[in-house]
Amino acid sequence: MAQEERSREMPHSVILEGREKLTISGVTDVHSFDEEQVLLETVRGMLVVRGQGLHVERLQLEAGELIILGEIGLLEYDDSVQPRDSLFRRIFGG
């Protein structure tokens, strides 16, 4: 199955636990991340996560799952953000 077909069928959910643990499904790519911001692409659009002390606890792109730990301050879908070259494709040559 092609990635585009799989992405369209992938469910999307966002679960925030106590502003300290964020679990996201339906993730197709992570474009950038640091301690204050994570920019990711989901099957429902670009999602910006902002906060402090953010770190990626788990990333499984094949399953479309991402867990972020830290102090979560903002979740925003922003379709005006254009996906750039994928961070993980650049690093891992995918």
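This structure is a prediction, so every number in the text was calculated from the model and none was measured.

S.K.: Could you give me a rundown of unusual backbone geometry, with the residues and numbers involved?
M.R.: Positive phi outside glycine occurs at Arg19, with the angle close to 60 degrees. Within the secondary structure, Arg19 is located in the loop between β1 (13-17) and β2 (21-25).

S.K.: Got a sec to walk through the environment of Tyr77? Specific residues and values, please.
M.R.: Relative to the helices and strands, Tyr77 resides in strand β6 (residues 65-77). When the C-alpha positions of Tyr77 and Leu40 are compared, they lie 9.7 Å apart, and in sequence the two are 37 residues distant. Beyond its immediate chain neighbours, meaning those up to four positions away, Tyr77 contacts His12, Val14, Thr42, Arg44, Gly45, Met46 and Leu47. Only 2.5 Å separates the side chain of Tyr77 from the side chain of His12, close enough to count as a polar contact.

S.K.: Run through the environment of Met10, naming residues and quoting values.
M.R.: Tracing the backbone through its elements, the reader meets Met10 in the loop between α1 (3-9) and β1. For the pair Met10 and Gly64, spaced 54 residues apart in sequence, the C-alpha to C-alpha distance is 7.6 Å. Excluding residues within four positions of it along the chain, Met10 makes contact with Gly26, Val27, Val43, Ala63 and Gly64.

S.K.: Before we move on, can you summarise the sheet that holds β6 with the specific residues and values?
M.R.: Ordered in space as β1-β2-β6-β5-β4-β3, the six strands form an open sheet in which the pairing is antiparallel. The open sheet is flanked by β1 and β3 (27-33), the only strands paired with a single partner. Ignoring which end each strand starts from, the neighbouring axes of this sheet average 45 degrees apart. Pairing geometry for strand β4 (residues 37-42) and strand β5 (residues 45-60), over six bridges, is antiparallel. Within β5, the residue paired with Gln37 across the bridge is Arg50.

S.K.: I'd like to hear about the nonpolar core, residue by residue, with values.
M.R.: In this structure, Leu22, Ile24, Val27, Val30, Val38, Leu40, Leu47, Val49, Leu54, Leu66, Ile68 and Ile72 together form the largest nonpolar core, which totals 12 residues. Secondary-structure elements contributing two or more residues to this core are β2, β3, β4, β5 and β6. Beyond its immediate sequence surroundings of up to four residues, Leu47 is in contact with Ile24, Val38, Leu39, Leu40, Thr42, Leu75, Glu76 and Tyr77.

S.K.: So what's going on with the side chain of His31? Which residues, and what values?
M.R.: Checked against the element boundaries, His31 lands in strand β3. Taking the relative accessible area as the measure of exposure, His31 reaches 6% and is therefore buried. A distance of 2.9 Å separates the side chain of His31 from the side chain of Glu41, its partner in a polar contact.

S.K.: Kindly report on the pairing of β1, identifying the contributing residues and their values.
M.R.: Where β1 meets β2, five bridges bridge the pair, whose relative direction is antiparallel. When the bridges of β2 are listed, Leu16 appears paired with Leu22. Between the antiparallel neighbours β1 and β2 lie three residues, among them Gly18 with a positive phi of about 60 degrees.

About the criteria used
- Residues numbered from 1 in each chain as written.
- Predicted model: local features only at pLDDT ≥ 70, side-chain atom pairs only at ≥ 80, totals over all residues.
- Heavy atoms only, no water.
- Helix = DSSP H or I, 4+ residues; strand = E, 2+ residues; numbered from the N terminus.
- Contact = heavy atoms within 4.5 Å.
- Polar contact = N/O pair within 3.5 Å; in protein donor to acceptor, adjacent residues only side chain to side chain.
- Pairing = 2+ DSSP bridges.
- Axes fitted to C-alpha atoms, helices over the stretch in contact; angles between N-to-C directions.
- Core = buried A, V, L, I, M, F, W, Y, C linked by side-chain atoms within 4.5 Å.
- Buried < 20%, exposed > 50% of the residue type's maximum accessible area, 1.4 Å probe, protein only.

Interpretation in functional terms is not warranted from these geometric data alone.
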